[in-house]
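Here's the letter readout for the chains.
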Amino acid sequence: MQHELRRDLGLWGAVAIVIGTVIGSGIFLVPKRAILKVGDTPELFFVWVFGGLLSLAGALTYAELAAAIPESGGEYAFLRKAYGRLWAFVYGWTQLLVAKSGSVATLATAFYLALANFVPELKSAVYRIEAPIGPGGGPLEITYGQLLAMALILLLPLLNYFGVRFAGGVQVAVTAAKVGLIGGVTVIGLTWSGGSTANFSTEIAPNPGGLAGFFAALVGILWAYDGWNNVSMVSAEIKDPQRNLPRALIYGTAAVMAIYLAANTAYFYVLSAQEVSQADIVPTELMRKIFGSPGAAAVSVVAMVSIFAALNGSILSGARVPFAMARDGLFFPAVAQVHPRYGTPSISTFLLAGWSCLLLLSGRYDELYTCVIFASWILYGMATASVFVLRRKFPEMERPYRTLGYPLVPAVFVLVAGLLIFYTLRDSPRESILGLVLIGIGLPFYFYWNRRTPKP
């Protein structure tokens, strides 16, 4: 007997997945990287607004797709319906192999590094493998912090094991705590008597700027916004998806944009552009300037709560992609199993967590994730463009929600995605080609599984 996923996730659980998976470590790290690319504060705020509106354009488009195709896997289901099984498999393979698993490994590493501010011993090596398999071709060191991060990753499937309603409740709670803590830092910055509005017109020297600087900053800022699409991966478990999916996508993305703009306003009210460009973690410098070392230490707690929420949302949503692949016969059959009591894709969840642990242990997840950015944006652009394909191929399809501003809104998203692909290929040709090679590795598996599966 094949068990099915349960529609137990409500609107606020879905909104929490959007906000919780988007706001991770980007709000702490991206402002420095972005100001180094654009050079001055006004242009930085323009890029934040542009990136937010672009993400909202994607969310508006995905709202139509998710409401019309409320199936597990999100983009996997959109690509399969619009372009066929091959492109759906390429997306799912990319997500499992590097994109989602690499994101989970990166977040878990950021969590233990934040905790290391209180427990420095976490950075100490517990074992060293004398072989050229570590980062940069050196020996591989395994630290206490990596073991802790692996334990954290393996804890999250247990939370998600007991049903999407329970996991969604955890996501709502930790997301609320995260937003409250970030909001507290923002209010402290905006109300500090030593702040200055003159900081909003400062710049760094030398000032790079230009179109290349804009797109370089935009890549980082879109990374900070990345994750708004994750809620579509759990479409098969959302109550009344035709209503709640569009609302979760739009409300969640708009809320993230507002939080990012408010936080950056606080950062630059307290710090000049030059100070931001020299701060590894910008809110840490904000709190240090106001409260000294105790204030800086408090940001580590905020960061850990933020990262935990992003990790839980990433595991919850990401596990639905290999599950959807297996249900279509394009992956190992066991991954398609649903727990008979709790209604969760338990094997798929542990598979994603286990593979993420291996990437974390290797220390190479950053390199792998960089390699796949090029190919991922091709797939994101194709998923958004599928709204045009599906309206043409299936005009009779029921569409409870239609994209606001169609066809301009999805067209702008696809155009900017194309520009990002071009600039990534131009500036990082080696990583872009390696990303395509990583995806190509999966093609023999696709042809093997596709031959064994009866076509629908």
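Definitions and cut-offs
- Residues numbered from 1 in each chain as written.
- Predicted model: local features only at pLDDT ≥ 70, side-chain atom pairs only at ≥ 80, totals over all residues.
- Heavy atoms only, no water.
- Helix = DSSP H or I, 4+ residues; strand = E, 2+ residues; numbered from the N terminus.
- Rg over C-alpha atoms; globule rule 2.2 N^0.38 Å.
- Buried < 20%, exposed > 50% of the residue type's maximum accessible area, 1.4 Å probe, protein only.
- Contact = heavy atoms within 4.5 Å.
- Lys, Arg positive; Asp, Glu negative; His and termini not counted.
- Charge placed at Lys NZ, Arg CZ, Asp CG, Glu CD.
- Salt bridge = Lys/Arg side-chain N within 4 Å of Asp/Glu carboxyl O.
- pLDDT = per-residue confidence, 0-100.
- Phe/Tyr/Trp six-rings, centres within 6.5 Å; stacked < 30°, edge-to-face > 60°.
- Lys NZ or Arg CZ within 6 Å of the ring centre and 35° of its normal.
- Axes fitted to C-alpha atoms, helices over the stretch in contact; angles between N-to-C directions.
- Parallel < 35°, antiparallel > 145°, perpendicular 65-115°, else oblique.
- Nonpolar A, V, L, I, M, F, W, Y, C, P; charged D, E, K, R; others polar.
- Expected span 1.5 Å × (residues − 1).
- Left-handed = near helix turned anticlockwise from the far one by under 90°.

*Asks:* When you look at the overall build of the protein chain in this model, what are you seeing that I'm missing?
*Replies:* In terms of regular secondary structure, the protein chain is built from 18 helices and two strands. A compact globule built from 456 residues would reach a C-alpha radius of gyration of about 23 Å, and the protein chain, at 21 Å, matches this within 12%. Oriented by its inertia axes, the alpha-carbon framework of the protein chain measures out at about 65 × 55 × 40 Å. Taking all 456 residues of the protein chain together, the buried fraction comes to 57%. The long-range share in the protein chain, meaning contacts at least 24 apart out of those at least 6 apart in sequence, stands at 81%. Each charge sign in the protein chain was given a centre, from 32 positive and 24 negative side chains, and these centres are 9 Å apart.

*Asks:* How do you make sense of unusual backbone geometry when you look at a structure like this?
*Replies:* Most peptide bonds take the trans form, and the phi angle of most residues other than glycine is negative. For the bond running from Tyr-406 to Pro-407, omega is 5°, close enough to zero to count as cis. Looking at the secondary structure, you find Pro-407 in the loop between α15 (365-393) and α16 (408-427).

*Asks:* Would you mind going over the pattern of salt bridges with me for this structure?
*Replies:* Two side chains bearing opposite charge may form a pair once their charged atoms approach each other closely. Tallying each qualifying case throughout the model produces eleven salt bridges. Across the pair Arg-391 and Glu-64 runs a salt bridge, and its minimum N-O distance is 2.7 Å. Placement of Arg-391 in helix α15 and of Glu-64 in helix α3 (residues 41-68) is noted, with a sequence separation of 327 residues between them. Glu-64 matches Arg-391 in its accessibility class, with the two residues each being buried. We note a salt bridge from Asp-240 to Arg-243, for which the minimum N-O separation is 3.3 Å. Here the salt bridges share partners, and the residues they tie into one network are Glu-64, Arg-391 and Arg-399.

*Asks:* For this particular structure, what's the right way to read the confidence of the model for the protein chain?
*Replies:* Interpretation of the predicted coordinates at a detailed level should be avoided for regions scoring low in pLDDT. In this model, the protein chain carries a mean pLDDT of 89, and residues with pLDDT of at least 70 account for 95%. The element-level mean pLDDT for the protein chain is lowest in helix α17 (residues 429-440), coming to 82, with helix α4 (residues 75-83) highest at 95.

*Asks:* Would you take a moment to explain the packing of aromatic side chains for this structure?
*Replies:* What characterises a pair of aromatic rings is the spacing of the ring centres plus the angle enclosed by the ring planes. Inspection of every chain in the model, using the stated rule, returns 25 aromatic pairs. Ring centres of Phe-46 and Phe-214 lie 6.0 Å apart, and the angle between their planes is 40°; this geometry places the pair in the tilted category. With Phe-46 in helix α3 and Phe-214 in helix α8 (residues 210-225), this pair connects stretches of sequence that are 168 residues apart. With relative accessibility at 11%, the residue Phe-214 sits in the buried group. By the ring-pair criterion, three or more aromatic residues cluster together here, those being Phe-89, Trp-93, Phe-331, Phe-332, Phe-445, Tyr-446, Phe-447, Tyr-448 and Trp-449. Over the ring of Phe-394 we find Lys-81, and its NZ or CZ is 4.7 Å from the ring centre. Arg-391 extends its terminal NZ or CZ atom over the ring of Tyr-406, reaching a point 3.6 Å from the ring centre.

*Asks:* Could you clarify how one ought to interpret the packing of helix α2 (residues 26-38) against α8 in this entry?
*Replies:* Two packed helices can be described by the angle between their axes and the distance between those axes. Packing of α2 against α8 brings their axes to within 8 Å, and their N-to-C directions diverge by 175°. Between α2 and α8, the crossing angle belongs to the class labelled roughly antiparallel. Every residue of α8 that contacts α2 at Gly-26, Val-30, Arg-33, Ala-34, Lys-37 and Val-38 is listed here: Gly-213, Phe-214, Ala-216, Ala-217, Gly-220, Ile-221, Trp-223 and Ala-224. Residues of the contact of α2 with α8, tallied by class, amount to nine nonpolar, three polar and two charged.

*Asks:* Mind showing me how you'd approach helix α1 (residues 11-22) here?
*Replies:* Three- or four-residue spacings in an α-helix give side chains the same orientation, since the helix completes a turn every 3.6 residues. Given a rise of 1.5 Å per residue, twelve residues ought to cover 16 Å, and the 17 Å separating the end C-alpha atoms of α1 matches this to within 8%. All buried positions along α1 are accounted for by Leu-11, Gly-13, Ala-14, Val-15, Ala-16, Ile-17, Val-18, Ile-19, Gly-20, Thr-21 and Val-22.

*Asks:* How do you make sense of the packing of helix α5 (residues 85-115) against helix α14 (residues 346-362) when you look at a structure like this?
*Replies:* Running from N to C, α5 and α14 point in directions that differ by 65°, and their axes come no closer than 8 Å. For the element pair α5 / α14, the angle class is roughly perpendicular. Note that α5 runs across α14; the crossing there is right-handed. Here Leu-96, Leu-97, Lys-100, Ser-101, Gly-102, Val-104, Ala-105, Ala-108 and Thr-109 of α5 come into contact with α14, specifically with Leu-351, Leu-352, Trp-355, Ser-356, Leu-359 and Leu-360. For the contact of α5 with α14, the class distribution of residues is ten nonpolar, four polar and one charged.

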